[in-house]
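Notes for the structure review
As a plain string of letters, each chain reads:
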Amino acid sequence: MFSNSFTRVGYEFVGWSVGESVDIVSEDLTYTTTIVENAAYKANYAKRTYTVTVSTNNAEWGTVNTIANPVTHGETVTLTATPAEGYRFVNWTKGGNQVSTDPEYTTDPVTADVEYIANFQLSVQPEKLTIKEANIAGMNHYPYDGGYPVSKAIDGNRSTLFMSAAGPGVDATFTITLRKLSNVYEIKQYYDPSSNDLPQNAVIEISTDNQQWTKVAEVNTSVINNNKEFSCNAGGAEAKYIRIRFLASQNQWLRLNEFEAYGVEIMQYFAVSASTNNRVMGKATMSVAGPTVEEGTSVTFTATPYSGYEFVNWTKGGSEVSTSASYTTTIDANTELTANFQESTSWVGNWYRIKDVARNQYLTAFNHDTHATGPNGGVGTTSLSSTN
C-alpha cells in the first residue's frame, strides 16, 4: 500500500505511475497493489489550473480580449478593453472592487478562478450635469424684494434671477459644485435679459478639488450674445467645481438667471472601512462588503457594544460625525469611520465585572455568581470589583 500526504500550495495530486511510464495506474491518494517484482512507484503532481473570466458592464459599450483558459497557478494574464465609438473605458473591477484604470492591465498571479469586468461609459454624448450646490464669495448678496438666493441660479429655471454685487478691489466668485466628478464639455450661463449688468472682466475656471483652478475662458460683453447668453467649450476636462471669477478691477453686478454644465459623470470608487477604538468593548460593521464602493452609494455603519460597555459616537479623522449607533451616509470620498465605546455608565441590578489585572482591562460583566468569558475565550479568575 502506498499513501501520499504531501501537499504544496498551487499543486494537485495527479496519480501514481510505475517506473518511467507516464501511464497513471491510480488517481487515489492511497493506492494498494500486490508486489510481484521490483518496481518504483512515483506520485505525480501538476500545477493547479484555473478559469479567468472576462466580461463587460455592457456588451454594446466595448469589447474585451479572449483569455486562453485554463491558466496555470501563479501565471499572470493581460487583459485588454476596447471601447466602442462614443464610449470610453472607465476601469477594471474584480468582485466589485477597482483594480486598474488602464485599458491594458496585467493581473496579479492567478491563484483561483476569477472574473474581471471592464466598465465603459458614454464619452462624447454630454448631458446636463446635476449641480449639488452653489456658493458665492466676495459678493454682497441682495435679499430684498422677496430675495434672490443663490439657488435660483441652479434651479433649472432660466427665468428666475440671482442678483449680487462685487465691490472694487475684490476677487468675487460664484461657484457651483457638481454631484460627481465629470468630464465637462460645455459651460453655459444665462444672464438677466432685461439688464446690461454683464461681466466686464471675468474668467470661467474649473477644478477637481476646489483648490487648484484652471482657466477655461474669459467672459466679457464681447463674448455674450444678444440674448444675454454665454457658452464655452471645456473640452471634456475633468471637474467637480466650476466658477466664474470676477477680477478685482471693477465694481461688478451679477444678475444670473442660470448656470449650467454639460458633460458625462465619471464613475469613481472610494475606500470605506469601519473600526473601533477598542475591539474588546464592541464591534463595528458596514452594510457593504467593501473595501471600495462606487461614488453615491448609501452605506450604513452599525456599532454594537459588548456587555458592560456603551457606544459613544462615530468619528472620521478624529472629528465626530454621529452619535447614533446606526449611521447612514452617502459616499463621495474615502471614508474611514471609527466607532468609539466606553465603559458603561448606567448599570442596572447587581452587576460585577472581572478585571484582568495583568492587561489592565475588563474581560466581561455578569449579574450572578458565575464564570466570565474573556475576549479570547479564556475564563477570567482575577480580582472582582463591584460597580453597583
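In short, a report on the structure. (Residues numbered from 1 in each chain as written. Predicted model: local features only at pLDDT ≥ 70, side-chain atom pairs only at ≥ 80, totals over all residues. Heavy atoms only, no water.)

Moving on to the environment of Asn65. The residue Asn65 is located in the loop between strand 7 (62-64) and strand 8 (71-72) in this model. For Asn65, a relative accessible area of 25% puts it in the partly exposed group. C-alpha of Asn65 to C-alpha of Thr80: the two residues are 15 residues apart in sequence and 5.5 Å apart in space. Among all residues touching Asn65, those that are not within four sequence positions of it are Val54, Thr78, Leu79 and Thr80. A polar side-chain atom of Asn65 sits 3.0 Å from the main-chain carbonyl oxygen of Thr78. A distance of 2.7 Å separates a polar atom in the side chain of Asn65 from the backbone nitrogen of Thr80. (Helix = DSSP H or I, 4+ residues; strand = E, 2+ residues; numbered from the N terminus. Buried < 20%, exposed > 50% of the residue type's maximum accessible area, 1.4 Å probe, protein only. Contact = heavy atoms within 4.5 Å. Polar contact = N/O pair within 3.5 Å; in protein donor to acceptor, adjacent residues only side chain to side chain.)

What follows deals with the sheet that holds strand 27 (residues 309-316). Judged by pairing direction, the sheet is mixed, and its five strands sit side by side in the order 25-23-30-27-28 without closing on themselves. Either end of the sheet is taken by a strand with one partner, and the two such strands are strand 25 (292-294) and strand 28 (319-322). With direction set aside, neighbouring strand axes in the sheet form an average angle of 40°. Across five bridges, strand 23 (residues 269-276) lies against strand 30 (residues 335-343) in parallel orientation. Paired with Ala274 across the bridge in strand 30 is Leu337. (Pairing = 2+ DSSP bridges. Axes fitted to C-alpha atoms, helices over the stretch in contact; angles between N-to-C directions.)

A few words on the layout of surface pockets. The calculated volume of the largest pocket comes to roughly 280 Å³. For the largest pocket, the lining is made up of 17 residues, of which Gln121, Leu122, Glu127, Val264 and Glu265 are closest to its centre. Secondary-structure elements contributing two or more residues to the lining of the largest pocket are strand 13 (114-122), strand 14 (127-128), strand 18 (172-191) and strand 22 (252-265). (1 Å grid on protein atoms, 1.4 Å probe; cavity = no way out; pocket = protein on both sides within 12 Å on 5 of 7 lines; lining within 4 Å. Points joined across faces, edges and corners; volume = space filled by probe spheres on them.)

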